[in-house]
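Examination of the molecular architecture
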Amino acid sequence: MTMLYRLFLCTLSNMNRIMCVCATINLLLTVATDAQWQTTGLSDCGPVTALVSSPPYLFAATFNGVYRSSDAGDTWSKQNTGLINTNCNDLIECNHVLYCAAQGGVFRSSDAGNSWTWTGLKSVFVLSLSMENSLMLAGTRSGVYASSDTSLTWQLYSDGLPGGFINDVIQIDTTAFAATGSGVYMRTPSMSAWVARKSGLSDTNTQVMLAAGPYLLCGARGTVFISSSMGTSWHQLYNHINQNLIYSLCVAQGSILVGGLSVSIADTAAKSWRNTNMPDSDNCSFLVVGDVVYAGNGNRLWKSSVSALMALLQEVSSDESMSAWTLSPNPVRTQLCIHSASELSGEVRLDVVDLHGQIVRQQHITVEGGPAQELRVDVSDLPSGFYLLRVSTGRRHGVMSFVH
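To keep things clear, this report deals only with the structure shown in the data block. No experiment lies behind these values; they were computed from the predicted model shown. Residue indices follow the written sequence of each chain, beginning from 1 at its first position. Under the rules for a predicted model, residues below a pLDDT of 70 receive no local features and side-chain atom pairs below 80 are neither given nor counted, while totals for whole chains, interfaces and linings still include all residues. As a convention, hydrogens and water are excluded, and side-chain values are obtained from all of the structure's heavy atoms.

**What to know about the pairing of strand 34 (residues 373-378)**
- Every second residue of strand 34 is oriented toward a common face, the buried set being Q373, L375 and V377 and the non-buried set E374, R376 and D378.
- Think of it this way: DSSP has to see at least two bridges between two strands before they count as a pair. Secondary structure follows DSSP: runs of H or I at least 4 residues long count as helices, runs of E at least 2 residues long count as strands, and numbering of each begins at the N terminus. Across six bridges, strand 31 (residues 335-340) lies against strand 34 in antiparallel orientation. By the bridge assignment for strand 34, I338 is matched with L375. Relative accessibility under 20% of the residue-type maximum defines a buried residue, over 50% an exposed one, and the middle range a partly exposed one, all with a 1.4 Å probe and only protein chains included.

**Thoughts on the sheet that holds strand 15 (residues 166-172)**
- Spatial ordering of the open sheet is given by 15-16-17-18, a layout of four strands whose pairing is antiparallel. Each end of this open sheet is capped by a strand with a single partner; those strands are strand 15 and strand 18 (195-196).
- With six bridges connecting them, strand 15 and strand 16 (residues 175-180) associate as antiparallel partners. Counterpart to I170 in the pairing with strand 16 is F177.

**A word on the nonpolar core**
- Throughout this description, the term nonpolar core refers to a set of buried Ala, Val, Leu, Ile, Met, Phe, Trp, Tyr and Cys residues connected via side-chain atoms within 4.5 Å. Of all hydrophobic cores here, the largest spans 19 residues; its most connected members are I338, L350, L375, L389 and F402.
- Taken together, the elements giving at least two residues each to this core come down to strand 30 (325-328), strand 31, strand 32 (346-353), strand 33 (359-367), strand 34, strand 35 (386-393) and strand 36 (396-403).
- Whether two residues are in contact is decided by their heavy atoms: any pair within 4.5 Å suffices. Once you skip the residues sitting within four places of it in the chain, L350 turns out to touch I338, R361, Q362, Q363, I365, L375, V377, L389, R390 and V391.

**Description of the environment of I92**
- Note that I92 resides in strand 7 (residues 88-94).
- Each C-alpha atom of the pair I92 and F59 lies 9.6 Å from the other, and the pair is 33 residues apart in sequence.

**Examining the packing of aromatic side chains**
- Note on ring pairs: Phe, Tyr and Trp rings are taken, using the six-membered ring of Trp, and paired if centres are within 6.5 Å. Classes follow the plane angle, with under 30 degrees stacked, over 60 edge-to-face and the rest tilted. Summed over the entire model, instances satisfying the criterion amount to four aromatic pairs.
- Aromatic pair Y157 and W194: ring centres 5.9 Å apart, planes at 80°, arrangement edge-to-face. Placement of the pair is Y157 in the loop between strand 14 (155-156) and strand 15 and W194 in the loop between strand 17 (183-187) and strand 18, with a sequence separation of 37 residues. Take Y157 and W194: they sit in the same class, and that class is buried.
- Only when the NZ atom of a Lys or the CZ atom of an Arg is both within 6 Å of the ring centre and within 35 degrees of the ring normal do we say a charge sits over the ring. The ring of Y157 is capped by R187, whose NZ or CZ atom sits 3.9 Å from the centre of that ring.
- A cation over an aromatic ring shows up here: R300 above the ring of W302, its NZ or CZ 5.7 Å from the ring centre.

Below you can see the structure in the form of structure tokens.
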């Protein structure tokens, strides 16, 4: 049985589901061994296909139904009352209502998972869900269905799509995108059918999609693609991550987590990968709450910290460490502050790097010397998105990520 996995991130959005990625080109694969993953109270549940935060609860969709935690994942209870089919593929939350995609259709819960009711989409194998501007889309094994009345009634919405699985559906305002085994397709309300958007996709077996500021991204077989033209054309960001499909993508403070047979984290400016060495395999889903990263795989939910994973991406010279450097605020609106707890003197070069690997801001600062230095960069006029800050000070250099 093919298992299709989803991504959830509960930051930077007015909904609890957001997909985003930060990437560039020409990566070198490297491995580290010091990332620490810890077990949570959720295990022996089958694949953890989706994760959602709806305070004060965490929810996990699995092939054994929906689980809920009220203590940050230490303990979990099964919440399957009314869930006729417990083989769950996706889970989203909107306006305090949960929607679950299952092999038997779409279910909804308005009481934090205590009870579930069947929506108007029944006896359909649903793989993915998306909701935007009161339009809900369901990607299934046989096309896309749409509902404009919060899932009460549905209509087939598949004209122009190829046959086969709809692996993922997302919406950007009123524009919908579908990831299929034949590439990416797009549709707006004024269009009578979906149209292909796969120019530049060297691998059309697309599995997961996300919107990141002005960019659209998708994951295929070991490759992440990016489009700055709403899918009209694509170019490759990362490839040969591994020879397996990418099922999940996540950004934690600007760095990208990629899930497949393993979990890797990418440093876009230093152009390197780190394997986070999560135990077991088959990563299915992510959730970030504050500094905690949750990662679901084939039969268990793990957790780590954003700071621990990002520490893998600190590009440090062999002479001196830059571990004492920090950024704030992050996300930032106007001025980015770079703090150093170590003594610093001489010229400092600051490069702000965008998703394409282009330097969009460069600043040279001469520092007189002394401990506890603070440098500032004005980023108020930059487009919203994910960036890397490269810091160079003679023999020392480092990379830190931030969100604007």
